[in-house]
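Single-letter residue listing:
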Number of protein chains: 2
Amino acid sequence: MQDPIEILTEYFRSLPGVGKKTAQRYAFYIIENSREKAVNFAKAIVDVKDKVKLCKECGNYTSSEVCSICQTRNKKVICVVQEPKDIIAMEKIKSFDGVYHVLFGCIKPLENKGPNDIKIKELLDRVNKNDVQEVIMATNPDVEGEATAMYIAKLLKPLGVKVTRLAQGITIGSDIEFVDEVTLEKALRSRQEI
Amino acid sequence: MQDPIEILTEYFRSLPGVGKKTAQRYAFYIIENSREKAVNFAKAIVDVKDKVKLCKECGNYTSSEVCSICQTRNKKVICVVQEPKDIIAMEKIKSFDGVYHVLFGCIKPLENKGPNDIKIKELLDRVNKNDVQEVIMATNPDVEGEATAMYIAKLLKPLGVKVTRLAQGITIGSDIEFVDEVTLEKALRSRQEI
């Protein structure tokens, strides 16, 4: 029989960014706390698998049919993201009052992931159905995210909807000296009058 | 009802050194993996609480009556540590073939934690019973760990056992320029002929 501490350490180690030492600390934390807490922790882990599903409108994680964002917010503006976790980042800014659309990835020709492998069709359906005014592309600012945004923009424009993209430039609080040249060039090209 | 993702995030957040963002990453990792993995992870958490107990000889965590170290190693040399996790650190060096003794803390007068609140009596019993030749004090190199080591050494010496302390000095790979003055002074005082 394998040692229970080792087994738990291995599970903690499988979490993103967790090394052996950190996993051990986590395991010891569980040992040193109450059994009740361990049981509730364990229950919470199984619960997310059992109760969390995808919002049938936007694809965000939710424990109801339609997520709380889709239930309450302005459906005329859709922000398109690659993954549900991107929604958490966007929600932190607190000033966006539209809804989201999760693509679940982006177009990756090298991995044979084409437009039909992500939720583009569902986005077009939503735009057609809900009289959407603006679609904000918030895919990642890398080659693949960029290409995906361009591809989707091309499909949306004929529908008469305004398509925008998150601005790219130097990050707030950064130091010009250390900004990479690609970002700096983009920031120069997109410079704005003050 | 509270959101299952939030509940799980809170549990992950209670782990040592985990902030909100990291906890969220962990929760999403669980969501994105199989239900089977989640169930096994949950089981592993409850299992450590149910199966792991303290070795009745040394106090180390074990799933049997007596830990594997106590079962196989030289009982004439005892290394005294504050916590079970210190044993893991010691075991990494792989050259110690003695056994351990866990104090479960150290003497902390400011917190009203006296000699009777840690496993000193049990250590004396072991030394008396097992014809121990050497006790190595591996308590933390801070004021309280130091005082605890001195206190225990005083109790052990009359029993005719050799008591030693882990050497203190500059750490391997460090830079003299950045070594704190207390350590440097200790290293100077304990300098050894080469």
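Residues numbered from 1 in each chain as written. Chains lettered and ligands numbered in written order. Predicted model: local features only at pLDDT ≥ 70, side-chain atom pairs only at ≥ 80, totals over all residues. Heavy atoms only, no water.

A word on the relation of the copies chain A and chain B. One copy of the chain maps onto the other through a rotation about an axis plus a displacement along that axis. Placing chain A over chain B gives an RMSD of 0.1 Å and needs a rotation angle of 180°, together with 0.0 Å of translation along the axis. Seen this way, the second copy is the image of the first under a two-fold rotation axis. Across chain A, the rotation axis passes nearest the C-alpha of Ala-42 of chain A, at a separation of 2.0 Å. A share of 100% of interface residues in chain A that are also interface residues in chain B marks the association as one of identical surfaces. (Least-squares fit on C-alpha atoms with pLDDT ≥ 70 in both. Contact = heavy atoms within 4.5 Å.)

All right, on to the sheet that holds strand S4 (residues 98-102) of chain A then. All names here are of chain A. With parallel pairing, the four strands of this open sheet are ordered in space as S4-S3-S5-S6. Where the open sheet ends on each side, the last strands, each with one partner, are S4 and strand S6 (162-165). If you compare each strand with its neighbour and ignore which way they point, the axes differ by 25° on average. With five bridges joining them, strand S3 (residues 74-81) and S4 adopt parallel strand pairing. Residue pairing for S4: Val-81 is matched across the bridge by Val-102. Together, S3, S4 and strand S5 (134-137) form the strand contacts of helix H6 (residues 120-130), whose direction differs from that of S4 by roughly 150°. Across the face of the sheet, helix H7 (residues 143-156) comes into contact with S5 and S6 while running at roughly 170° to S6. (Pairing = 2+ DSSP bridges. Helix = DSSP H or I, 4+ residues; strand = E, 2+ residues; numbered from the N terminus. Axes fitted to C-alpha atoms, helices over the stretch in contact; angles between N-to-C directions.)

This part covers helix H3 (residues 35-51) of chain B. One turn of the α-helix equals 3.6 residues, which is why residues spaced by three or four share an orientation. Relative to the 24 Å expected for 17 residues at 1.5 Å per residue, H3 of chain B spans 24 Å between its end C-alpha atoms, a close match to the ideal helical length. Looking at H3 of chain B, one finds that the buried residues are Ala-38, Phe-41, Ala-42, Ala-44, Ile-45, Val-46, Asp-47 and Val-48 of chain B. Considering only its buried residues, H3 of chain B is in contact with helix H1 (4-13), helix H2 (20-32) and helix H3 (35-51) of chain A together with helix H2 (20-32) of chain B. (Expected span 1.5 Å × (residues − 1). Buried < 20%, exposed > 50% of the residue type's maximum accessible area, 1.4 Å probe, protein only.)

To continue, consider the packing of H1 of chain A against H3 of chain B. H3 of chain B packs onto H1 of chain A with a crossing angle of 145° between their chain directions and a minimal axis gap of 9 Å. Handedness of the crossing formed by H1 of chain A with H3 of chain B: left-handed. Taken together, the residues of H3 of chain B that come into contact with H1 of chain A (itself represented by Pro-4, Ile-5, Ile-7, Leu-8, Tyr-11 and Phe-12 of chain A) are Lys-37, Asn-40, Phe-41, Ala-44, Ile-45, Asp-47, Val-48 and Lys-51 of chain B. Partitioning the contact of H1 of chain A with H3 of chain B into residue classes produces ten nonpolar, one polar and three charged. (Left-handed = near helix turned anticlockwise from the far one by under 90°. Nonpolar A, V, L, I, M, F, W, Y, C, P; charged D, E, K, R; others polar.)

Turning to the pairing of strand S6 (residues 162-165) of chain B, a few remarks are in order. Note on strand geometry: in a regular strand, side chains alternate between the two faces of the sheet. The pairing of strand S5 (residues 134-137) of chain B with S6 of chain B spans four bridges and is classified as parallel. Within S6 of chain B, the position partnered with Glu-134 of chain B by the bridge is Lys-162 of chain B.

Turning our attention to the side chain of Arg-126 of chain B. All names here are of chain B. Looking at the secondary structure, you find Arg-126 in helix H6 (residues 120-130). Salt bridges are absent for the buried Arg-126, whose nearest opposite-charge side chain, Glu-57, sits at 4.9 Å. Leave out the neighbours within four places in its chain, and Arg-126 touches Glu-57, Cys-58, Cys-70, Ile-78, Val-99, Tyr-100, His-101 and Val-132. (Lys, Arg positive; Asp, Glu negative; His and termini not counted. Salt bridge = Lys/Arg side-chain N within 4 Å of Asp/Glu carboxyl O.)

Residue-level contacts link 46 residues of chain A with 46 residues of chain B. Run the count over chain A and chain B and you get four salt bridges. With a shortest N-O distance of 3.6 Å, Glu-32 of chain B and Lys-85 of chain A are connected by a salt bridge. At the surface where chain A touches chain B, the tally comes to twelve residue pairs in polar contact (both at pLDDT 80 or more). For the side of chain A that touches chain B, the element with the highest residue contribution is H3 of chain A, accounting for 15 residues. For the side of chain A that touches chain B, the residue count by class is 27 nonpolar, seven polar and twelve charged. (Polar contact = N/O pair within 3.5 Å; in protein donor to acceptor, adjacent residues only side chain to side chain.)

A few words now on the confidence of the model for chain A. All names here are of chain A. Model confidence for chain A is summarised by a mean pLDDT of 92, while 99% of its residues fall at 70 or above. Averaged over each element, pLDDT in chain A is lowest for helix H8 (residues 181-189) (87) and highest for S4 (96). Across the interfaces of the predicted complex, the ipTM metric reaches 0.77, alongside a pTM of 0.76. (pLDDT = per-residue confidence, 0-100.)

Taken as a whole and assessed by the stated rule, the structure comprises eleven aromatic pairs over all chains. Ring plane angle 75° and centroid distance 5.4 Å describe the contact between Phe-12 of chain A and Tyr-26 of chain A, whose orientation is recorded as edge-to-face. Of this pair, Phe-12 of chain A sits in helix H1 while Tyr-26 of chain A sits in helix H2, and the two are 14 residues apart along the sequence. Judged by its relative accessible area of 0%, Phe-12 of chain A falls in the buried class. The class of Tyr-26 of chain A is buried, set by a relative accessible area of 3%. Each ring, one from Phe-28 of chain A and one from Tyr-61 of chain B, has its centre 5.4 Å from the other, and the planes form 45°; the classification is tilted. (Phe/Tyr/Trp six-rings, centres within 6.5 Å; stacked < 30°, edge-to-face > 60°.)

Before going further, it helps to examine the sheet that holds S6 of chain B. Strands in a sheet are paired, the pairing made by backbone hydrogen bonds, and the direction either parallel or antiparallel. Residue and element names in this part refer to chain B. Taken together, the four strands give an open sheet; going across it, the order is S4-S3-S5-S6, and neighbouring strands pair in parallel fashion. Edge strands, defined here as strands with exactly one partner in the open sheet, are strand S4 (98-102) and S6. Each strand axis lies, on average, 25° off the axis of its neighbour in the sheet, ignoring direction. Sheet contacts for helix H5 (residues 84-92): strand S3 (74-81) and S4; angle to S4, the most-contacted strand, approximately 155°.

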